[in-house]
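For reference, the chains in residue letters:
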Amino acid sequence: MCGIVGYVGRQNAVPVLLEGLARLEYRGYDSAGIAVVRNGSLRVHKQAGKVRELAAALPKRLNGQVGIAHTRWATHGVPSDANAHPHLDMSGRIAVVHNGMIEDAAVLRRRLEADGISFSSETDTEVLAQLIALEDCGDLEEAVRRALSKVHGAYGLAVLDANQPDRIVLARNGSPVLIGVGERQMLCASDMAALVRHAQQVVHLEDGEVASVTADSFSTTTLDARPTVKTATSLSAEDADYERGGHEHFMLKEILEQPDAIDATLRGRLDTRFATSRLGGLNLTARELRAFRRVHVIACGSAFYAGLMGAGMLESLARLPASAEPAAEFRYRNPVIEPDTLYVAVSQSGETADTLAAVEEIRRKGGRVLGIVNVPGSSISRAVDGGIYLHAGPEISVASTKAFTCMAVAFALLAVHLGRLRDLGPADGERLIRGLAELPAKAAELLQHQDEIVQAANWISATPSAFYIGRVRGYPVALEGAQKLKEISYIHAEAYPAAELKHGPLALVSPQLPTVAIVPDDELLEKNLASLEQINSRSGPVLAVAHLPLGSLADRVIQVPKSEPELDPILLGLPLQLLAYHAAIALGRDIDQPRNLAKSVTVE
Ligand code: F6R
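Model, not experiment: these values are computed from the prediction.

(A) Structural detail: the pattern of salt bridges. Evaluated as defined, the whole model comprises 38 salt bridges. As a salt-bridge pair, Arg197 and Glu243 come within 3.2 Å of each other at their nearest N and O atoms. Of this pair, Arg197 sits in the loop between β10 (186-189) and β11 (201-204) while Glu243 sits in the loop between β15 (233-234) and α6 (250-256), placing them 46 residues apart in sequence. A single network of salt bridges, built from pairs that share partners, joins Glu19, Arg23, Arg197 and Glu243.

(B) The site of the ligand, seen in detail. As a matter of local geometry, the ligand sits amid 15 residues, with Ser347, Gln348, Ser349, Thr352 and Glu487 nearest to it. A distance of 3.4 Å separates an oxygen atom of the ligand from a polar atom in the backbone of Ala303. A distance of 2.6 Å is found between an oxygen atom of the ligand and a side-chain nitrogen or oxygen belonging to Ser347. Notes on the ligand: free accessible area 400 Å², of which the protein chains cover 90%. Using a 2 Å cut-off from the grid points, one finds that the ligand occupies the second largest pocket. Sorting the residues of the shell around the ligand by element identifies α9 (301-318) and α16 (474-489) as the ones contributing at least two each.

(C) Geometry of the sheet that holds strand β9 (residues 178-181). With respect to topology, eight strands assemble into an open sheet ordered β3-β2-β4-β1-β10-β9-β11-β15, the strand pairing being antiparallel. Across the chains shown, the open sheet's two edge strands, defined by having one partner strand only, are β3 (41-48) and β15. Across four bridges, strand β1 (residues 3-8) lies against β10 in antiparallel orientation. Bridged to Val8 within β10 is Met186. Strand contacts of helix α1 (residues 13-24): β1, β2 (31-38), β4 (66-72) and β10, with the helix running at about 160° to β1, the strand carrying the most contacts.

(D) Representation of the sheet that holds strand β12 (residues 209-213) in the model. Here seven strands make up an open sheet; going across it, the order is β5-β6-β7-β8-β12-β13-β14 and the pairing antiparallel. The open sheet terminates on both sides in strands that have one partner only, identified here as β5 (87-88) and β14 (227-228). Two strands pair when backbone bridges link them, and strand β8 (residues 168-173) and β12 are joined in this way by five bridges, in the antiparallel orientation. Each bridged residue has a counterpart across the sheet, and for Val169 the counterpart in β12 is Ser212.

(E) Spotlight on the packing of aromatic side chains. Following the criterion strictly, the structure yields three aromatic pairs and no others. Ring geometry for Phe330 against Tyr343: centres 6.2 Å apart, planes inclined by 55°, an arrangement best described as tilted. In this pair, Phe330 is assigned in helix α10 (residues 327-331) and Tyr343 in strand β20 (residues 341-347), connecting sequence segments 13 residues apart. Residue class for Phe330 comes out buried when judged on its relative accessible area of 1%.

(F) Quick look at the nonpolar core. Formed by 93 residues in total, the largest nonpolar core has its most connected members in Leu436, Tyr468 and Leu579. Sorting elements by how many residues they give to this core places helix α13 (residues 402-421) first, with 14 residues. Counting only domains with at least three residues in this core, you end up with domain 2 (244-445) and domain 3 (449-589). Discounting residues that sit within four places of it in the chain, Leu579 has contacts with Ile453, Ala456, Ala457, Ile460, Tyr468, Val516 and Leu543. Judged by nonpolar contacts, the second largest core, of 34 residues, contains Val14, Ala32, Leu54 and Ala69.

What counts, and at which threshold
- Residues numbered from 1 in each chain as written.
- Predicted model: local features only at pLDDT ≥ 70, side-chain atom pairs only at ≥ 80, totals over all residues.
- Heavy atoms only, no water.
- Salt bridge = Lys/Arg side-chain N within 4 Å of Asp/Glu carboxyl O.
- Helix = DSSP H or I, 4+ residues; strand = E, 2+ residues; numbered from the N terminus.
- Near = heavy atom within 4 Å.
- Polar contact = N/O pair within 3.5 Å; in protein donor to acceptor, adjacent residues only side chain to side chain.
- Areas by Shrake-Rupley, 256 points an atom, 1.4 Å probe, with all protein chains shown as cover.
- 1 Å grid on protein atoms, 1.4 Å probe; cavity = no way out; pocket = protein on both sides within 12 Å on 5 of 7 lines; lining within 4 Å.
- Sits in = over half its atoms within 2 Å of the grid points.
- Pairing = 2+ DSSP bridges.
- Contact = heavy atoms within 4.5 Å.
- Axes fitted to C-alpha atoms, helices over the stretch in contact; angles between N-to-C directions.
- Phe/Tyr/Trp six-rings, centres within 6.5 Å; stacked < 30°, edge-to-face > 60°.
- Buried < 20%, exposed > 50% of the residue type's maximum accessible area, 1.4 Å probe, protein only.
- Core = buried A, V, L, I, M, F, W, Y, C linked by side-chain atoms within 4.5 Å.
- Domains from an automatic or database assignment.

Put into structure tokens, the structure is as follows:
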């Protein structure tokens, strides 16, 4: 979704800001803009379309040593030049870029219009720019604080004042803002991606904080002007994490990175001596962990499917009733929060608005919540009681692949950990720790052979619709496989528990409708084969992702290395990512930025 970048220093801000915007493109956007201060006045350029189009349209000599820029994903008002950020106050002195949503913008706008203020966009952000200008007191930070005390809503903000060209003022409430500390220069951004090249250290603003940033220093206060103390930490990400590294798409790079990403999630966490996993960040004692009677997972989209997979692992290994629910449903059904339920919030970005709100709801009602999160320092990682970082590295492609897989691996670690505190015996503990340790090599082996998958993808790309089926452990694999195909190839795909076919969907099975079946070699093999027979007898084509060759029951089989049964779903998902990727390639889709989707959904 929207992205913010700002620069104050001794270089020309324009190329730094454009490079930062390019780094934020992966989040999804529909317009972009930039503002710099030059000779005491603001120079603003903004337009609908891509960052490269904005760059091409800028005057050759545009420069300034302080500036802010933005990629916008439309919420208030259509994507257009006028609605693109930065937004200015009526006099053209204050420029604002904003992520989030001001809830009372319409009321405030009417009031301001009645006072003679004229607007040039439909956005809530312009309301903020006007309010900040009206609060002018010669101190931009104070004007921002006063203006923000008059609005309700979520924001990450960067503000420029042509009269105070040595600084950018930032504020955060519910939408991330980071300060990047460099040598005699400072950056700010909503995402680490825009900071890595020029900053050595990072500072995360908290909700309710305002910062004033100059080339050499920064200071922070609360909204009521009480100073706060911040510590800068080293930037953990590297420039190369945000490059395609010779691959055509980030999605392919991230799929192929999975052996290393799984290895990183496992690193230091496999305890062979006690046949368990070591999870230092849970912040819960063994006694507290033993006292939980059930687990409830909350997440959105693919992270929710990883949660379903995790709930299955927790139930079978820790023998705790475990369930998963979309966070947006959970937060609005006034959930009963039970003290003996362990809640687990799952998120790659750590910024998904619905998941964050669900975490806050649980905490407000006294529940304990762990996070399974990829982005260090993200809002969800800071809102939870403890958790497990994925350490999968930045995920740039909108379609989640390595983060999804590592979420499943983190759940396996948690399930073994809780299991070993309860009824899971040492022999099973050893078996699973060994199985986990073998995952990176098996994933690497699987990813080496893409030819069959490419052929299957070409075949599936010729159909308008596909079924995905799986049973128990295979069902979340099917759900995520269908999700991948939908989001990047735009082929309609539906996932069903395999046995549900005969209760309705079988009516659609025909030679024109392929079914992708997840067929592990486990205790449900016979049942899964029976479902394939039902499809065969209606002449439905079958592509199986399986451990065994399935003879005439499947038209095509992609064979996957066998793991321990409880861990099998982790590897069974990998060919489905490649299937979706190659189908989307065959159809000429925009792989890394699929239509209508954003990487990090920070609004409802
Ligand atoms: C799909 C995808 C989304 C995300 C969802 C949650 O490939 O990436 O469905 O899984 O938007 O995002 P996070 O994990 O950042 O909370």
